[in-house]
Amino acid sequence: MTAPEAFRGIEIRDLRKSYSLGERRVEAVRGMDLDLHEPGLCAVMGPSGSGKSTLLHLIGGLDRPDSGTIRVGDARIDDMNESGLTAFRRRGIGIVFQQFNLLASMSAIENVMLPGVLDGGNERELRGRAGSLLDELGLGDRMEHRPDALSGGEQQRVAIARSLLFAPPVLLADEPTGALDSAASDRLWGLLDELGTSREVLVLMVTHEPAAATHCRRVLVLQDGRVADDFQTEGMDETELAHRATRPVRA
Ligand SMILES: Nc1ncnc2c1ncn2[C@@H]1O[C@H](COP(=O)(O)OP(=O)(O)OP(=O)(O)O)[C@@H](O)[C@H]1O
Ligand SMILES: [Mg+2]
């Protein structure tokens, strides 16, 4: 008898990535190790330029590391070839950005189905899956609306539904509430954590908002391309959380 397979999130070893800008060399990620194996919402915080987006791009297969290993779910992506990465980005991971990137000419449900249609899937089956996801995200009565008839928070939820079409083990979100007001942001953070737990998805979210930390299980604080702090939020009150998530950490 084999035990049921444990949730496998992200495992990173000695990850490095630098960029050259003319004469200047920027070490955006300089030796990170991470084990993220719990479903639910995990925040990535830290000052501007600390490497948050670079880290997400590497995990999402949107950029390649200089060295180190990255495992996401079943996939080892640091040494994957281009066609492997293309498939991984479409089916193996969910990614949402600050801009919702929805197609204006398509309804909410068509936007959610799109990655599956591009992948050659069965439209009827895809419509069913997309519909349940939109329902789960509270958009059951908005499925036929085009993006311009939806609020910012609703558009972002459509983008999240789309990113979950293939039920990836990990969802990456780079400042997903950057274009939302504070009430809509608060709702989205709560929703992301709920969704992470109910669907067994690790949601790794970059945010600058200390208030987001109250919805997260765990907070990683980056500084100068390294993990400067990494803590579980359980038992911490909001003031304590906000303080710890934003305090400068000694290099
Ligand atoms: N494509 C690139 N070319 C050159 N330098 C880059 C590139 N992408 C990022 N950098 C540099 O790498 C460092 C880390 O950038 P990154 O975008 O990861 O920071 P961040 O933590 O996401 O910041 P912010 O909070 O402002 O979004 C910065 O010094 C940035 O200027
Ligand atoms: Mg960034």
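Residues numbered from 1 in each chain as written. Chains lettered and ligands numbered in written order. Predicted model: local features only at pLDDT ≥ 70, side-chain atom pairs only at ≥ 80, totals over all residues. Heavy atoms only, no water.

### Some details on the pattern of salt bridges
If you walk through the whole model with that rule in mind, you get 18 salt bridges. Two residues, Asp 63 and Lys 17, come together in a salt bridge whose shortest N-O distance is 3.5 Å. Placement of Asp 63 in the loop between helix H1 (52–59) and strand E4 (67–72) and of Lys 17 in strand E1 (residues 10–21) is noted, with a sequence separation of 46 residues between them. Of the residues examined, Lys 17 reaches a relative accessible area of 11% and is grouped as buried. Ionic contacts of the salt-bridge type, sharing partners, join the residues Arg 76, Asp 78 and Asp 79 into one network. (Salt bridge = Lys/Arg side-chain N within 4 Å of Asp/Glu carboxyl O. Helix = DSSP H or I, 4+ residues; strand = E, 2+ residues; numbered from the N terminus. Buried < 20%, exposed > 50% of the residue type's maximum accessible area, 1.4 Å probe, protein only.)

### Let's talk about a negative patch on the surface
On the surface, Asp 186, Asp 237, Glu 238 and Glu 240 cluster together into a patch of negative charge. Turning to its location among the elements, Glu 240 is positioned in helix H7 (residues 238–246). Under the relative-accessibility criterion, Glu 240 is labelled partly exposed at 41%. (Patch = residues over 30% accessible without salt bridge, like charges linked within 9 Å, V, L, I, M, F, W, Y side chains within 5 Å. Areas by Shrake-Rupley, 256 points an atom, 1.4 Å probe, with all protein chains shown as cover. Lys, Arg positive; Asp, Glu negative; His and termini not counted. Charge placed at Lys NZ, Arg CZ, Asp CG, Glu CD.)

### Here's the deal with the nonpolar core
Taken as a class, soluble globular proteins show a tendency for nonpolar side chains to be buried jointly. Grouped together as the largest cluster of nonpolar side chains are 46 residues, with contacts concentrated most on Leu 134, Val 158, Ile 160, Leu 171, Leu 192, Met 205 and Val 219. Top contributing element to this core by residue count: helix H6 (residues 182–199), with six residues. Both domains that meet at this core, namely domain 1 (6–93 + 168–251) and domain 2 (102–166), each give it at least three residues. Residues contacting Leu 134, with those up to four places away along its chain left out, are Ala 108, Ile 109, Val 112, Leu 139, Gly 140, Met 143, Val 158 and Ala 161. Membership of the second largest hydrophobic core comes to 29 residues, among which are Leu 15, Phe 88, Ile 93 and Leu 202. (Core = buried A, V, L, I, M, F, W, Y, C linked by side-chain atoms within 4.5 Å. Domains from an automatic or database assignment. Contact = heavy atoms within 4.5 Å.)

### Some thoughts on the confidence of the model for the chain
Taken as a whole, the chain shows an average pLDDT of 94; of its residues, 96% reach a score of 70 or greater. Ranking the helices and strands of the chain by mean pLDDT puts H1 first, with 98, and H7 last, with 90. (pLDDT = per-residue confidence, 0-100.)

### Some thoughts on the sheet that holds E4
Strand pairing in a sheet relies on backbone hydrogen bonds, with the paired strands running either antiparallel or parallel. Within the open sheet, the four strands sit side by side as E2-E1-E4-E5. Their pairing is antiparallel. Only two strands of the sheet have a single partner each, and these edge strands are strand E2 (24–36) and strand E5 (75–76). The pairing of E4 with E5 spans two bridges and is classified as antiparallel. Within E5, the position partnered with Val 72 by the bridge is Ala 75. H1 rests against E1, E2 and E4 of the sheet, and its axis sits at about 120° to E1. (Pairing = 2+ DSSP bridges. Axes fitted to C-alpha atoms, helices over the stretch in contact; angles between N-to-C directions.)

### A word on the layout of surface pockets
Of the voids in this model, the largest pocket is the one considered here, and its volume is about 490 Å³. Lining the largest pocket are 20 residues, with Arg 89, Arg 90, Ile 95, Pro 115 and Arg 162 positioned closest to its centre. Those elements giving two or more residues to the lining of the largest pocket turn out to be helix H2 (82–92), strand E6 (94–96), helix H3 (108–118) and helix H5 (152–163). Taken together, the residues of the lining of the largest pocket break down into 13 nonpolar, three polar and four charged. (1 Å grid on protein atoms, 1.4 Å probe; cavity = no way out; pocket = protein on both sides within 12 Å on 5 of 7 lines; lining within 4 Å. Points joined across faces, edges and corners; volume = space filled by probe spheres on them. Nonpolar A, V, L, I, M, F, W, Y, C, P; charged D, E, K, R; others polar.)

### Some thoughts on the site of ligand 1
Residues in close proximity to ligand 1 total 14 residues, the closest being Ser 48, Gly 49, Lys 52, Thr 54 and His 208. Within the backbone of Ser 50, a nitrogen or oxygen atom sits 3.2 Å from an oxygen atom of ligand 1. A distance of 2.9 Å is found between an oxygen atom of ligand 1 and a side-chain nitrogen or oxygen belonging to Ser 53. When the free accessible area of ligand 1 is taken as 630 Å², the share hidden by the protein chains comes to 66%. Every element with two or more residues in the shell around ligand 1 is listed here: E1, E2 and H1. Of all the elements, H1 adds the most residues to the shell around ligand 1, at three residues. (Near = heavy atom within 4 Å. Polar contact = N/O pair within 3.5 Å; in protein donor to acceptor, adjacent residues only side chain to side chain.)

### Quick look at the domain arrangement of the chain
Looking at the chain, the domain boundaries give domain 1 (6–93 + 168–251) and domain 2 (102–166). In this assembly, 13 residues from domain 1 lie in contact with 14 residues from domain 2. Summing both partners gives a buried area of about 1300 Å² for domain 1 against domain 2, and 64% of it is carried by carbon and sulfur. The largest per-residue losses of area from domain 1 upon contact with domain 2 belong to Arg 90, Arg 91 and Arg 199, which jointly make up 38% of the total buried on that side. Inspection of the region where domain 1 meets domain 2 yields three salt bridges. The shortest N-O distance in the salt bridge between Arg 91 and Asp 119 comes to 2.3 Å. Along the contact surface separating domain 1 from domain 2 lie four residue pairs in polar contact (both at pLDDT 80 or more). Contributing elements (two or more residues each) for the side of domain 1 that touches domain 2: H2 and H6. The element that contributes the greatest number of residues to the side of domain 1 that touches domain 2 is H6, accounting for six residues. (Buried area = accessible area lost by both parts, 1.4 Å probe.)

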